[in-house]
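Close look at the chain arrangement
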Amino acid sequence: MKNNSVYDCTIIELDKHHSDRKGNLSVVQNGDTIPFDVKRVYYLYDVPGGESRGAHAHKELSQLIIAASGSFTVTLDDGKVKRSFLLNRPYQGLLVVPGIWRDLDDFSSGSVCMVLASHPYDKEDYIRNYDEFLEYKKK
């Protein structure tokens, strides 16, 4: 987990089923679409312009971050390298592995960020201070 890098994080294409008359449907299945079982789902919405979210890392938690509506940028940081991803398609998700710092910003008006998480909420799993994150990565 500590040795994970931003290159272990990737965009996953979700199944997309299309109907000309009825719109689209995308599917996420535990252990099939993503490499973990979903234990928690939450979403961010009504994020004011210019605001950022995230600004933390997880020790054990994996996530799939999806722009269910609108767009936003996710910047990942492993303590050495940073990578940014523009999420703007509801049939794509960004897989974020443990041990990676994440910042979410540039939210478009009306955007919805849906997060599928591998574990229930556990405040002990969070690293919320960037300097502590860098120390964690060195150990």
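Residues numbered from 1 in each chain as written. Predicted model: local features only at pLDDT ≥ 70, side-chain atom pairs only at ≥ 80, totals over all residues. Heavy atoms only, no water.

Considerations on the pairing of strand β6 (residues 63-69)
Heads up, the rule is: Think of it in three bands: with a 1.4 Å probe and only protein chains considered, a residue is buried below 20% of the maximum accessible area for its type, exposed above 50%, and partly exposed in between. Secondary structure elements follow DSSP: runs of H or I of four or more residues count as helices, runs of E of two or more count as strands, with numbering from the N terminus. Pairing between strands is defined by DSSP: at least two bridges between them are needed.
Extensive coverage of β6 is indicated by the burial of five of its seven residues. Bridging between β6 and strand β9 (residues 92-96) involves four bridges; their strand directions are antiparallel. Residue Q63 lies in a different strand from β9, and its bridge partner there is V96. Bridge count for β6 against strand β11 (residues 112-117) is six bridges, and the pairing is antiparallel. Note that in β11 the partner of L64 across the bridge is L116.

A word on helix α1 (residues 130-138)
To keep it simple, the criterion reads: Note that the arc is computed from the directions linking the helix axis to the C-beta atoms. In this description, contact between two residues means that some pair of their heavy atoms is separated by no more than 4.5 Å. N or O atoms closer than or at 3.5 Å make up a polar contact, with two conditions inside protein: a donor-capable atom paired with an acceptor-capable one, and, for residues adjacent in sequence, both atoms drawn from side chains.
Looking at α1, one finds that the buried residues are F133, Y136 and K137. Down the axis, α1 shows its buried residues gathered within 95 degrees of arc, on one side only. Turned more than 90 degrees away from the buried face of α1, the exposed residues are D131, E132 and K138. Of the surrounding secondary structure, the elements contacted by the buried residues of α1 are β5 (53-58), β7 (72-77), β10 (101-105) and β12 (126-127). For α1, the side-chain oxygen to backbone nitrogen distance between the N-cap and D131 is 2.9 Å, and the N-cap itself is N129.

A word on the nonpolar core
We count it as follows: The set of buried Ala, Val, Leu, Ile, Met, Phe, Trp, Tyr and Cys residues whose side-chain atoms join them within 4.5 Å is what this entry labels a nonpolar core.
Counting residues in hydrophobic clusters, the biggest one holds 19 residues, and the most contacted among them are I65, F72, V74, L76 and C113. Of all the secondary structure elements, the ones that give two or more residues to this core are β6, β7, β8 (82-87), β9 and β11. The element that contributes the greatest number of residues to this core is β7, accounting for three residues. Dropping the residues within four chain positions of it, I65 is found in contact with F72, V74, L87, Q92, G93, L94, V96, C113, M114 and V115. I12, F36, L64 and L116 belong to the second-largest nonpolar core, a separate cluster that totals eight residues.

Some thoughts on the packing of aromatic side chains
Note the cut-off: We call Phe, Tyr and Trp rings a pair once their centres come within 6.5 Å, taking the six-membered ring for Trp, and we label the pair stacked below 30 degrees between planes, edge-to-face above 60, and tilted otherwise.
This structure, assessed with the given rule, holds six aromatic pairs. An angle of 35 degrees between the planes, with centres 5.5 Å apart, marks the rings of Y43 and Y45 as tilted. Look at Y45 and you get partly exposed, because its relative accessible area is 47%. The structure contains a cluster of three or more aromatic residues connected by ring pairs, namely W101, Y130 and F133.

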